[in-house]
Structure formats: C-alpha cells, structure tokens
Amino acid sequence: MITTEIYANVILPLPLAEYYTYRIPPEMLVEITTGCRVIVPFGKKKSYTAIVAFMHRNPPVFYETKDIAAVLDSTPVVTQRQLELWKWIAAYYQCTLGEVYKAALPAGLKLESETTFVCNPDCESDDLLSEKEQHIMNAFLVKEKYTLAELEKASGVKNILPSIKRLLEKNALFVHEEMRNSYKVKTESFIRLAEEFSSEESMHRLFDELSRAPKQLHVLMRYMELSKFMSGKPMEVNKKLLSADATAVSALIKKNIFHIYTKQVERLKDFSANTPLNPLNDSQQRAYLEVKASFENKNITLLHGVTSSGKTEVYIHLIAEVLRQGQQALYLLPEIALTTQITDRMSRVFGNRLNVYHSKFSDSERVEVWNRLIRNEGGGLVLGVRSSVFLPFRDLALVIVDEEHENTYKQFDPAPRYHARNTVLVLAGMFGAKTLLGSATPSVESYFHAKSGKYGLVEMNQRFDDMPLPDIEVVDTGLLYKRKQMVSHFSPSLLAKIKDALESNEQVILFQNRRGFAPVIECKLCAWTPKCRNCDVSLTYHKHSEQLTCHYCGYAENVQQICPACGNQSLIMHGFGTEKIEEEIAALFPQAVIARMDLDTARTRTSYTRLIADFESGKTNILIGTQMVSKGLDFDHVSIVGILNADTMINYPDFRAHERAFQLMAQVAGRAGRKNKRGLVVLQTSNPQHAIIQKVQQNDYPAMFNEQIAERKMFRYPPFTRLIYIIIKHREQSVTERAATLLAIGLRRIFGNRILGPDRPVVERIQALFIRKIVLKVEVTANMDKVKEILNHQRLEILKIAEMKSVYIYYDVDPM
C-alpha cells in the first residue's frame, strides 16, 4: 500500500535481521537524507541512534510505525558505498546489518539512551524508609539525578538494586531515559592582540605603558614571538603557551590589550613532513615498476618480498603518487604495535596528510578521524588496523595490506566476524582502486591466487643492500634435556650467543608464544590443577600480580599454597611463558636491560610506543615477547633471535598449523641482522627433522606452499573450498550436544558430505557456555545468500524446540 506519508528504513545497532521502518514527521523531511543519523524509539522505553538506509512511501504491514524523534545530521555521516559494503559484510559473513553498524561506527557517533533516577519531591514516606533507602534519598540533596553507578557511589549503599526497586514501588524515585553523547567537542582558549595595537606607533606606546609591569611586558613579548607579529600578519596564540604567568595574562585581558575567545580544536596529533622521498635502490625500483605494470592488468597484486627487502619504501612511493593525484590511500597493518614505527616513517614523509586509526586511540580521536574523512578534509592517507575498512572514503585509489598473511586481520568475536583483507578487496572494487598485498610469507590462499593468475605477482628475493638472510641454527632440545645440558629453558648454544651479542653491544630478541609465568600448576602428589570456573582450561600463573588467570574469560583467583584436593604443600609449575623467561634471563644476565612485550605489558598506546622506542634507541638490550615481536618491526642492531619452543606452534590441531608455524618462525627470524651484519637465529625444538623446521631453516617458502596446497586439494580445504564453522553454545552440556546433533542432521540432508561434525573444540567450555562445532565446506562458486538462507532456516527450526530456545548459534565464515 502506497500512502502520502514518507517512511525511512533505518539500521539499528541491534542484531536485527532486517531494516526497521519509521514515519518521517513532515517538519523533518527537508533535514533527513540517506546516511544521516536519527534518534528513534525502540521498545517501551529505549531510544537508539539509527542510520537512514533509504526512504519510501510503503508503510510496514505487521507493526504500527513510530515517528523518528530527532535528526542529528544535516549531511550524511555514512556514505552510500559504506552502506553497500555493510550489506555485503552482513550477507557474506552471515550476520545482521545491525551488528555491522555497531562495529563500524565509533561509539562517539552513536548516542545511547541512559537510565537515570530522579527524586519525587512530592513523596512523603520518609518515616517508612529503611536505613539503606534513607541513604539513597539523602544523595538527592546534593544532586538532582544519578545513573545507577553514580547513585551507588554517592549513597555508599552496596547491592543497591533491591533498595532502588522498593523506592520505585513507593514512588519515591522516578526513572528517566535520556540520550547520552559520549563524544564532546574539544575547545581551547586563544588570544589575539587588540586591533588598536596593530601599528608600530601604538606598540611603542604599549611598551612604554607596560614598562612598570615587567611580567605583563614579558608575556606581550612572548606573544609577539609566537604569533610572528613582525611578519605583518600576526596569528592567534593558544593560551596554554602563555600560561607561565596566568596573572599577567589575565591583567592584559582585563586592560583589553588581549582578546580571548574559545574555539574547537582537534585531539589528533599534528604531524609535520620533514623528509623527502628516499630514492629506491635497483631491487626496489624494479619491484615498483613491476607493481605499476601489474596494476595495468590486475586489480590485485601480491608483493612477495623476503624480510628486510625494503617493501615499505615501495609502498611509500606508490602512496606518494596517489596523493599527488589528489586521491586517497589506505595502508592496513595487522597489529597496533606495528603502527608506532610505521607512523613515524609515514609522518616524516606525508605530514598532516596522514590519519592514524586504531582501537588504542580514544573514541573521541576516532570520531575526529571519521569526521575529517566524511568532510573530505583528511589529507588522503589512512594508516590503521582492520577497523579502518569501515571509514568513509571518498576517492580511494590504492589499498596496501601489509603482512597480509596475519590472522589478526580476522575478527573473532563478536560479530561481524569479518576478514579485513578480504573485505578491503570488496571495498577497493567499489572504488575501482588497486590493492597491493605484501608479505615475506604470504597466506597459502593469496599465493595460490597469484600463481594461478587471478592476482598479479611481484617478488623481491634479496634483502636491502644485499644483506644475507640470517643463519638459522637448529638445536635439538630433546637430546639436550636427556643429557641434562639445558639451563632451564635455554640451550648452551643460545646462552653463549646472547653473551657474545651483549659483549658486542648488540641486541637480542627471545620469542615465546605464550604469556604469563607458568601455563600449568599441578600437585605432584594427586595431580590436581587449578581450573577456570567458567572455561574448560587450566589457569595460567602470572607472577607480577600473584594471580592465576584465565586467558579466555579473564577470571582470576589468588595462588593456592596448599593443594585443596589432598591438603599437601606439593604444588609445582609446568611450562613457561614470557614472564618466566624474563625472570630467568635477568638472573643469567644481570647486567642487561630487559623488556617484555606481550598483552600484559603493552595494553595501552603509550606502553607500545615506549617499549618499541626503548629497544629502537638501544636502551633495552634483550626484548622478550610473544608473536607481537614477529610482525614487521625493524630494529637495526638485533644480531640474535632465539625461538625458545618451536614445537608448540607445529603440534596444533588445525589444517593451517604448519603454514602458521612456518610464517611465525620465518617472520621472527627476519628480525635478526637487518642491517650491517648477518644475523643468527637459534631455533630450539625437540623434533629437528620435522619438515616445517627444515623448510624454515632453508627459508624455502615455495616448498612449504607446494606441500600445503597438495594436502588442501586432497582434503578439500581452502582455497579449493570455502569453510563455514557453525558454532553452538549453551550453559547445559546435554542441551548443547542435542542441539548440535539435530542441527547437523538437518544440514546433512541438504549439504550431504559437505558437513563434518558436530565436534568438540580444543576448549569445549568458555565463559560458562559449552561449545560444539559443525564444519561446512562449500564450493567457492556457491551462492552465499542461498547458503545463509538455508543456515538461518535450520537455526530457526532448532530454536523452535522448547528446551533449545536459549541455544546460541552463530556462523564463522572463512575461519582462521
């Protein structure tokens, strides 16, 4: 039915399968446009920030429409291309548009309704209040309204909810819902000299006038210096720069010599370009020209260059060309840790044309990057991690995906479980942009596409300045343990090489892909081990906090001194993490400055920056880390890299385990000897004859690829099929098992032998939910919309069963 009313289909930040329709009040028609934000009521009391997807004249059939409550933007904050990308992500990655919207927009652009409590001034039931309730009501003598958390703090009442409920029943309190905006515009005070003092003559008079006020005269002279007064066009000066003597500044304002005013400023760091483009050497120039030639025929090219071959300089020259043409470039990195070094390099060349975007930035900073780009004021270059694919580009011409093989480009939880590398290929296609994938150890899928002609392929087989690749010494720890020659977790060879490096003022990186002090504590009498209450895993001991911690849900408890099962003081530690390595290396080399780089020590942007800067400057001698240290970091003076336990990477139950082990070891090995001299890698393993260890030692990527691609073809794994994991979760194990079995039966009727499972994952309970997994292998050419339709139908059939209404079922497409 078509009416004269105009309706808007909007996207809400909720896991809704479809758009929701609202009526546009006539007075808002001139304001609303596709891609703008609106406030809409949803449910009985809630309101949300929604995005207008499109407008029409068709009222919904199955529910009564509500009116849009407010319009937040006069121009779109989301472009049409972004909306198209959101739809593709929702369809391909088997999730909802609302989930994509929630992930895409910075929180500061999503106003949220907030529950506040207000005192009823007409309530006369003070004598009927309990002591706790009286404390709560007394808080309202200080402030008019509170959120729940604020009221709990102000009243001092613990477990406040029952008391709040009783006060609401007595009409002593009212509940209000109001929209809260987490983004606040930043303003600062600026000072400008009054117009009457613009001439040289007036300035002489002013200097004479202030001769008896030396502090005010000093402030005036400082202002003249900062504002470049003598240039004839004095600029405004930030008041903070004159705040050494606030009293003198206030006096000059009071005398109307200075005018003060506030204005909006950005939180983003100001970069200044001070370095011209470095000339490319012969190898880089050849690669640059080959990439350009490849882009003539291919939209996607893989740059396969060994570690330290100078790929970044090739990227910089390609970006510079795009920016000269007034277009945009996106440079994706897999880890926030990498952005520190790359930001320094890029900012020196591109200055304020660089925009950095990642989750260690405050939400307000991310909003400002978004606003810069939506207003087309961004300068052209975005450097960021996977969430950067959601930014509002206008004229994207080049995408660079550095370290394209990294699994951190894949979002695991929550939905959308998208892969940034694959998503950005779609984004680039929407703009007709070119994409360059770069890696020393490409993913098997990308290398397969390059070798089969789907992508272009450019190779850089020589390190910068013809430096040789590091020598890799494989140490048989199994044999050394038998001979009792290991010093804790270190082979004599590794310790000798560390000692030599330190004596030569060189640096060392030690790699152990497990954080914490000890992964397992066990009673040597009864074999009891502390387990997480919520997950099916043992707790890891962290010595710095003296706690046992779950790395899956964050649960923590104090360390037991006595075994709770048998009552004996017989607890021992097994295994080792980065924290234990740090302690033992400090004892072995007390003169060395040691740092640890893992999730425990590098949680903030400043901690990342400090760790990398200290190692780069030589303040730190030995850096111990997890896979963070393997990803593209460039240090001049690292001569020794120690891989402490290669076995844990190889012996993992996953079809990508050998590929990942090769990539990780080859990448961390590549940190050694990057400049000036050949590096050495000491690779410790109990299985030195393993095929992957041999290929790492020979740096033989093609052999690893050929072996892996043959296996995948035989067993129908990517790139020959597309994988979808169907995950089933519930608090009760029996319900999880039954739901997974029924779902697998239903899917097998349709997909046949493409369905595997249900199986128990390696960790079968996380956050108090039991987990089962079904694997679906579909042809690469399969219609994903049709697959999604079938999967959703089968999911709904399961949820119709009474005992399974609360079962959680979701999909992970292209899992890593």
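Look up: the structure comes first, before these words.
### Some points on the packing of helix H1 (residues 80-92) against helix H13 (residues 420-431)
How two helices sit against one another is set out by the angle between their axes and by the gap between those axes. Across the interface, H1 lies against H13 with an axial gap of 11 Å and an inter-helix angle of 140°. Handedness of the crossing formed by H1 with H13: right-handed. Across the interface between the two elements, Arg 81, Glu 84, Leu 85, Trp 88 and Ile 89 from H1 touch Asn 422, Thr 423, Val 426, Leu 427, Met 430 and Phe 431 from H13. Of the residues contributing to the contact of H1 with H13, the split by class is seven nonpolar, two polar and two charged.

### Brief notes about the pairing of strand S4 (residues 46-56)
Burial of S4 is extensive: eight of the 11 residues sit out of reach of the surface. Strand direction decides the pairing type here: strand S1 (residues 7-11) and S4, joined by five bridges, are antiparallel. Across the sheet, residue Ala 8 finds its bridge partner in S4, namely Met 55. Where strand S3 (residues 37-42) and S4 come together, six bridges link them in antiparallel fashion. Residue Val 40 lies in a different strand from S4, and its bridge partner there is Tyr 48. Taking the residues between adjacent antiparallel strands as the criterion, S3 and S4 are bridged by three residues, where Gly 43 takes a positive phi near 75°.

### Let's talk about the pattern of salt bridges
As enumerated under the stated definition, the model contains 29 salt bridges in all. Here Arg 23 and Glu 5 are joined by a salt bridge, their closest N and O atoms 3.0 Å apart. Taken together, the residues span a long stretch of sequence, with Arg 23 in strand S2 (residues 20-23) and Glu 5 in the segment before S1 at a distance of 18 residues. A residue is classified by how much of its surface remains accessible, and Arg 23, at 19% relative accessible area, is buried.

### Quick word on the pairing of strand S27 (residues 622-625)
By the alternation rule, side chains of S27 split into Ile 622 and Ile 624 and Leu 623 and Gly 625, which are all buried. Summarising the sheet, strand S20 (residues 507-511) and S27 pair through four bridges and their orientation is parallel. By the bridge assignment, Leu 510 is partnered in S27 with Ile 624. Judged from the four bridges that link them, strand S26 (residues 594-597) and S27 form a sheet pairing that is parallel. In the strand pairing of S27, Arg 596 is matched with Ile 624.

### Here's the deal with the sheet that holds strand S28 (residues 638-643)
Ordered by their spatial adjacency, six strands build an open sheet running S19-S29-S28-S20-S27-S26, and the pairing between neighbours is parallel. For this open sheet the edge positions go to strand S19 (471-476) and S26, each flanked by a neighbour on one side alone. Recorded for the sheet is a direction-independent mean angle of 15° between the axes of neighbouring strands. With six bridges joining them, S19 and strand S29 (residues 680-685) adopt parallel strand pairing. Residue Ile 472 lies in a different strand from S29, and its bridge partner there is Val 681. In this fold helix H20 (residues 657-669) packs onto S19, S20, S28 and S29, with an angle of close to 155° to the strand it touches most, S28.

### Quick look at helix H16 (residues 492-503)
Under the 1.5 Å per step criterion, the end-to-end length of H16 is 17 Å for 12 residues, consistent within 8% with the ideal 16 Å. Buried residues of H16: Ser 493, Leu 494, Leu 495, Ile 498, Ala 501 and Leu 502, and no others. Positive backbone phi, approximately 60°, marks Asn 505, located one or two places after H16.

### Structural notes on the sheet that holds strand S23 (residues 547-549)
Sheet architecture is open: three strands sit in the order S22-S23-S24, paired in antiparallel fashion. For this open sheet the edge positions go to strand S22 (540-542) and strand S24 (556-558), each flanked by a neighbour on one side alone. This sheet shows a mean twist of 35° between the axes of neighbouring strands, independent of strand direction. Pairing of S22 with S23 involves three bridges; the strand directions are antiparallel. Bridge pairing in S23 places Thr 540 opposite Thr 549.

### Some details on the state of the cysteines
Applying the stated criterion to the full structure yields zero disulfides. Among the cysteines around Cys 532, which has no disulfide bond, Cys 553 carries the closest sulfur, lying 3.6 Å off.

### So, H13
The first and last C-alpha atoms of H13 sit 16 Å apart over 12 residues, in line with the 16 Å expected at 1.5 Å per residue. H13 sits mainly inside the fold: nine of its 12 residues count as buried. If you check which residues of H13 are buried, you get Ala 420, Arg 421, Asn 422, Thr 423, Val 424, Leu 425, Leu 427, Ala 428 and Phe 431. Where H13 is buried, its residues contact H1, strand S12 (300-305), strand S13 (328-332), strand S16 (396-402), strand S17 (434-439) and helix H14 (444-451). Positive backbone phi, at 70°, marks Gly 432, one or two positions downstream of H13.

### As for the packing of H20 against helix H22 (residues 701-715)
Put simply, H20 and H22 touch, their axes get as near as 10 Å, and they point 165° apart. Here H22 runs roughly antiparallel to H20, going by the angle between their axes. The interaxial crossing formed by H20 with H22 has left-handed handedness. Across the interface between the two elements, His 658, Glu 659 and Phe 662 from H20 touch Tyr 701, Met 704, Gln 708 and Arg 712 from H22. Tallied by class, the residues present in the contact of H20 with H22 amount to three nonpolar, two polar and two charged.

What counts, and where the lines are drawn
Residues numbered from 1 in each chain as written. Predicted model: local features only at pLDDT ≥ 70, side-chain atom pairs only at ≥ 80, totals over all residues. Heavy atoms only, no water. Axes fitted to C-alpha atoms, helices over the stretch in contact; angles between N-to-C directions. Helix = DSSP H or I, 4+ residues; strand = E, 2+ residues; numbered from the N terminus. Left-handed = near helix turned anticlockwise from the far one by under 90°. Contact = heavy atoms within 4.5 Å. Nonpolar A, V, L, I, M, F, W, Y, C, P; charged D, E, K, R; others polar. Buried < 20%, exposed > 50% of the residue type's maximum accessible area, 1.4 Å probe, protein only. Pairing = 2+ DSSP bridges. Salt bridge = Lys/Arg side-chain N within 4 Å of Asp/Glu carboxyl O. Expected span 1.5 Å × (residues − 1). Disulfide = S-S within 2.5 Å. Parallel < 35°, antiparallel > 145°, perpendicular 65-115°, else oblique.

Keep in mind these values describe shape, not function.
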